[in-house]
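# Overview (structure and organization)
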Amino acid sequence: MQQPFLSLTNISKAYGGVKALEDVSLTVYPGEIHCLVGENGSGKSTLIKIIAGVVQPDSGRIVINGKERQSLRPMDAIAEGIEVIYQDFSLFPNLSVAENIALSHELAQRKRWVNWREVRAIATEAMRKVNVSLDLDALVGDVPVADKQLVAICRALVQNARLIIMDEATTALTEREIRALFDVINNVKRGGVAVLFVSHKLDEVLAIADKALIIRNGRVVVDADARELDRSKMTYYMTGRDIEESMFEWRGDPEAPPLLEVRHLTSRGNFSDVSFELRSGEILGITGLLGSGRTELALALFGVQPADSGEIRIAGKPVSIRSIQDAIANGIGYVPEDRLTEGLFLERSIANNLVARTLDNLRSKGPLLDADRVKTQITEWVRRLSIKTPNPELPAKSLSGGNQQRVVLAKWLASKPRVLILNGPTVGVDVGSKSELHEIIKRLAGEGLGVIIISDDIPELMQTCNRILLMRRGRIVEQFERKDLTEADLTHHLVAV
Amino acid sequence: MLGRLLSKQETLVGITLLGLCLLIGAINPVFWTPGNWFDLARSATVMGIFAIGVLIVLISGGIDVSFTAIAVFSMYSTTVLLRNLNYQGGMWLFFLISALIGLGLGLINAFFIARFRLPTLIVTLGTQSMFRGFLLFVIGSRIIRDIPPGMAEYSRAFLFTVTDERGVTVGLHSAVLWLVAIAVLAFVILRYTMLGRSIYALGGSREAAERVGFNVTLTQVFIYAFVGVLAGIAGMIYGGLNRQANAQDIVGQELDVIAATVLGGASIMGGRGSVIGTLLGVMLVVVMSNSLVLMGIPATWQRVVIGAIIIIGTAVPVLRTLRQQRRAVRVETEGESLAPAGGRA
């Protein structure tokens with residue numbers, strides 16, 4: 001057996017008495033894809049920071065390339081070939097692809113002058129290593145997220161990386177981009193570089209990993225060959241409980257008039273001739289690849305990018321939705337894909353976020369807010385959606401992904417919409433919170449709300465929806481009853497071209 | 001390649017500038033006389049040097065409104081000092097002292113910005129007021145007309161002169177060499193040195209710049225010190241050309257300079273901008289004010305026209321970005337089936 005590149009033994013770390021990591025051991029061999037799996041707050045990020053030298057462990061041994069390191073600083077880690085690709089990639093949007101790839105290398109060589117021919121040569125060489133081709137002169141800010149990811153990988157390789165740590169690399173990618181990324185990772189692996197792939201998406205882990213390290217509450221629960229694991233086992237290890245999600249059954253009256261009817265809705269260049277209906281209490285899934293028009297359809301229904309032609313009826317009455325205000329007046333709510341920038345005031349308190357949508361209803365007689373009613377509403381929604389926070393006055397950014405999503409949901413629910421559109425409701429949310437969010441959505445539908453879920457997360461659609469529409473190139477190409485469908489069928493239909 | 005060239009703000013400003021020159025030249029033939037062009041060069045020199053300083057600050061993601069105060073402070077103090085010393089020598093010492101004073105004041109900005117990471121607008125608003133107040137109350141506020149001989153001679157330091165058919169002699173002032181030298185220097189720094197790239201990197205993402213290993217503090221110190229030096233030189237040129245030292249001058253021009261720089265393609269959000277674009281932006285503003293005079297439009301209207309140009313000039317790139325984004329969505333939608341998964345690998 002060859003020598004491991006990295007081996008951590010009995011690493012512990014505590015922050016002010018709270019144990020973030022306890023007795024964690026990890027061994028990574030060259031050319032091995034190791035997945036680090038755990039829920040938010042399980043200690044994943046602390047472990048990454050220790051490997052990157054950003055955080056010093058309280059105890060334990062770190063051995064890199066056979067050498068024991070007493071104290072590992074970030075520069076040492078980089079010198080040993082450990083490269084971390086953070087979730088935000090740390091790229092320069094205003095610089096070209098080539099310069100982004102080559103810059104850190106030039107810096108490491110303490111260059112004072114820039115030789116642009118060399119910059120291009122370095123970038124070309126890095127792209128050849130992972131077998132991709134990108135426009136060297138394009139600005140990174142103008143390329144899609146998936147390409148940014150590739151730029152970050154190339155940059156790491158230019159630094160002669162021996163171990164690349166990818167933190168939640170797939171969060172912003174579509175299924176197809178993820179598969180392309182996996183091809184790249186496999187190329188990297190063939191070059192003898194180890195990859196530590198941090199994720200909470202179980203399907204991905206199973207697809208790519210050679211080995212998986214599952215941690216929970218700072219302790220290793222499993223360190224095993226990925227072939228020995230399956231999804232339900234991993235869920236159990238991650239959360240410490242068996243999550244059995246029940247499928248959603250619609251129990252409404254099929255003869256009742258639909259809550260929302262969409263007829264021949266068209267938005268030039270985005271989608272065309274889209275027709276469907278949604279009944280009270282239904283959960284309708286709309287799926288399709290990125291660019292299929294699914295998000296544009298949602299934006300049209302919510303008045304952000306109004307459709308060019310077609311008809312929208314609510315409870316039988318034709319309505320005109322030309323703006324967000326129109327949509328809100330007609331009882332349509334929308335929870336965006338990117339809750340961080342579009343759905344929440346991150347710096348403001350949870351309480352302020354909860355009432356932001358409904359301030360007008362919370363006034364006393366005059367123009368001022370009725371403090372008691374504001375407080376009642378906040379307490380009510382924190383309780384109803386079980387938002388886990390010690391104090392609703394804390395800023396919204398203090399919450400975990402799953403709880404942030406609940407705040408966005410509660411903000412909308414407080415305004416009592418009739419139709420709620422959820423775009424990627426559990427993107428970036430860990431397994432445990434995800435199933436709880438699904439239960440909340442099902443309960444809301446049970447109370448008569450019409451829900452539309454836009455997602456390419458197939459297990460999610462299968463568990464929550466009673467009907468699923470498939471979009472491709474701006475059209476609805478198929479419609480399924482969930483009960484006639486299996487996950488494999490749906491995956492097959494989604495990626496079939 | 002051509003598409004990329006055409007989509008640049010620089011190209012757009014260049015074409016506008018050319019069109020404007022042709023238009024004004026057609027209305028008033030005086031526009032194309034050497035005399036008028038020497039005049040334009042003279043007006044563009046001080047503004048151009050200021051604008052290059054502003055460009056570097058804008059690229060780094062900051063904004064500086066104190067450079068006019070630094071300029072007038074350096075120029076006035078230098079004049080007072082050398083006059084009191086009864087200095088009879090040449091202009092070079094004026095430039096040297098003024099640049100050093102500018103450097104010192106720039107370092108004060110750098111200290112607050114780099115050391116305490118304060119917002120650049122707030123710091124420079126504060127220092128602008130401080131520098132100016134200190135100048136007026138401590139150093140002096142009266143207009144000095146009996147300037148030392150070296151400075152007075154400098155106002156006639158022409159590169160060459162031309163006598164036109166009416167017998168009037170006009171000359172191209174040598175100060176324009178300063179602009180050329182500074183523009184070349186700034187171009188080389190920004191494009192071919194790691195220091196210059198660190199300025200772009202800082203403007204693109206401060207956090208990423210730190211992670212990649214740039215010494216961001218040092219970069220910021222350089223930026224504000226360099227702007228201080230440029231302001232000192234530009235201020236001295238301004239005093240020399242006007243043959244007087246007026247402590248009330250220059251401050252108030254900062255917005256015009258920032259506007260000309262933004263017009264030339266520098267992003268107010270940081271990370272983008274070029275020396276060529278900046279020079280074109282400055283020329284556009286200068287030609288515009290000059291032509292309004294030539295066309296007999298009252299000076300009061302100039303402010304309105306310049307304001308309108310600034311708004312239009314900054315709106316065009318924004319509109320273009322919006323259109324590109326919309327097109328990108330469309331291409332993605334239509335390209336769905338055309339580019340299968342293997343397309344990238």
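Residues numbered from 1 in each chain as written. Chains lettered and ligands numbered in written order. Predicted model: local features only at pLDDT ≥ 70, side-chain atom pairs only at ≥ 80, totals over all residues. Heavy atoms only, no water.

### Some thoughts on the overall build of chain B
- Counting its secondary structure elements, chain B contains 14 helices and 2 strands.
- Here chain B holds 345 residues, and 50% of them are scored as buried.
- Put simply, of all contacts in chain B between residues at least 6 apart along the chain, 75% involve residues at least 24 apart.
- Looking at chain B as shown, the accessible area adds up to about 15,900 Å², and 67% of this sits on carbon and sulfur atoms. (Helix = DSSP H or I, 4+ residues; strand = E, 2+ residues; numbered from the N terminus. Buried < 20%, exposed > 50% of the residue type's maximum accessible area, 1.4 Å probe, protein only. Contact = heavy atoms within 4.5 Å. Areas by Shrake-Rupley, 256 points an atom, 1.4 Å probe, with all protein chains shown as cover.)

### Looking at the domain arrangement of chain A
Residues and elements named next belong to chain A.
- Segmentation of chain A into domains returns domain 1 (6-239) and domain 2 (260-495).
- The distance between the C-alpha centroids of domain 1 and domain 2 comes to 33 Å.
- Each partner contributes to the interface: domain 1 provides 14 residues, whereas domain 2 provides 14 residues.
- Interface area for domain 1 against domain 2, summed over the two sides, is near 1,100 Å², with a carbon-plus-sulfur share of 59%.
- At the junction of domain 1 and domain 2, the tally comes to 0 salt bridges.
- Sorting the residues of the side of domain 1 that touches domain 2 by element identifies α6 (175-190), α7 (202-208) and α8 (231-239) as the ones contributing at least two each.
- Looking at the side of domain 1 that touches domain 2, the element that brings in the most residues is α8, giving 4 residues. (Domains from an automatic or database assignment. Buried area = accessible area lost by both parts, 1.4 Å probe. Salt bridge = Lys/Arg side-chain N within 4 Å of Asp/Glu carboxyl O.)

### Here's the deal with the pairing of strand β16 (residues 332-335) of chain A
Residue and element names in this part refer to chain A.
- The alternating pattern of β16 places I332 and Y334 on one face and G333 and V335 on the opposite face, and all of these are buried.
- In this structure, β16 lies alongside strand β17 (residues 419-423), joined through 4 bridges in parallel fashion. Across the sheet, the residue bridging to I332 is V419, located in β17. (Pairing = 2+ DSSP bridges.)

### So, the environment of D372(A)
- Along the polypeptide, D372(A) turns up in helix α13 (residues 371-384).
- Classification of D372(A) as exposed rests on a relative accessible area of 61%.

### As for the sheet that holds strand β15 (residues 317-319) of chain A
Residue and element names in this part refer to chain A.
- The antiparallel open sheet is built from 4 strands, whose spatial order is β12-β11-β14-β15. At either end of the open sheet lies a strand with only one pairing partner, and these are β12 (271-278) and β15. With strand direction ignored, the average angle separating the axes of adjacent strands in the sheet is 25°.
- Relative to β12, strand β11 (residues 260-267) runs antiparallel, the two being bridged by 5 bridges. Residue V262 lies in a different strand from β12, and its bridge partner there is F276.
- Its contacts with the sheet place helix α9 (residues 294-301) against β11, β12 and β14 (309-314), and it is angled at close to 65° to β12. (Axes fitted to C-alpha atoms, helices over the stretch in contact; angles between N-to-C directions.)

### Some details on the pairing of strand β20 (residues 475-481) of chain A
All names here are of chain A.
- As defined by bridge partners, strand β19 (residues 467-472) adjoins β20 across 6 bridges and the pair is classed as antiparallel. Within the sheet, the bridge partner assigned to L470 lies in β20 and is E478.
- Connecting β19 to the antiparallel partner β20 that follows it, the hairpin turn spans 2 residues, and R473 within it adopts a positive phi of roughly 45°.

### Let's talk about the packing of aromatic side chains
- Counted by the stated rule, this structure contains 18 aromatic pairs over all chains.
- With a centroid separation of 6.0 Å and an interplanar angle of 20°, the aromatic rings of F73(B) and F134(B) are classed as stacked. Of this pair, F73(B) sits in helix α4 (residues 67-84) while F134(B) is found in helix α6 (residues 120-139), placing the two residues 61 residues apart along the sequence.
- Residue F73(B) is classed as buried on the basis of its relative accessible area, which comes to 9%.
- Among the aromatic side chains, those forming a connected cluster through ring pairs are F302(A), Y334(A) and W412(A).
- Just above the ring of Y192(B) sits the side chain of R191(B); from NZ or CZ to the centre is 5.8 Å.
- Here the guanidinium or amino end of R211(B) rests over the ring plane of Y86(A), the centre of that ring lying 4.0 Å away. (Phe/Tyr/Trp six-rings, centres within 6.5 Å; stacked < 30°, edge-to-face > 60°. Lys NZ or Arg CZ within 6 Å of the ring centre and 35° of its normal.)

### Let's talk about the packing of helix α5 (residues 92-116) of chain B against helix α11 (residues 216-242) of chain B
Residue and element names in this part refer to chain B.
- Between α5 and α11, the least distance of the axes is 6 Å, while the angle of their chain directions is 145°. The handedness of the crossing between α5 and α11 comes out as right-handed. For the pair α5 and α11, contact is made by F94, F95, S98, A99, G102, L103, G106, L107, N109, A110, I113 and A114 and by T217, Q220, V221, Y224, A225, G228, V229, G232, I233, M236 and I237, respectively.
- When grouped by side-chain class, the residues that make up the contact of α5 with α11 number 15 nonpolar, 8 polar and no charged. (Left-handed = near helix turned anticlockwise from the far one by under 90°. Nonpolar A, V, L, I, M, F, W, Y, C, P; charged D, E, K, R; others polar.)

### Some points on the pattern of salt bridges
Residue and element names in this part refer to chain A.
- Per the stated rule, a full pass over the model turns up 33 salt bridges over all chains.
- Residue R128 is joined to E125 by a salt bridge in which the shortest nitrogen-to-oxygen separation is 3.0 Å. Here the residue R128 and the residue E125 both occupy positions in helix α4 (residues 116-130), the gap between them amounting to 3 residues, near one helical turn.
- Residue classification places E125 among the partly exposed positions, given a relative accessible area of 35%.
- Among the salt bridges present, the one from E311 reaches R313, with a minimum N-O distance of 3.4 Å.
- We classify E311 as partly exposed; its relative accessible area is 28%.
- Among the residues examined, R313 registers a relative accessible area of 26% and is labelled partly exposed.
- Where salt bridges share partners, they join K67, R69, R73, D76 and E80 into one cluster.

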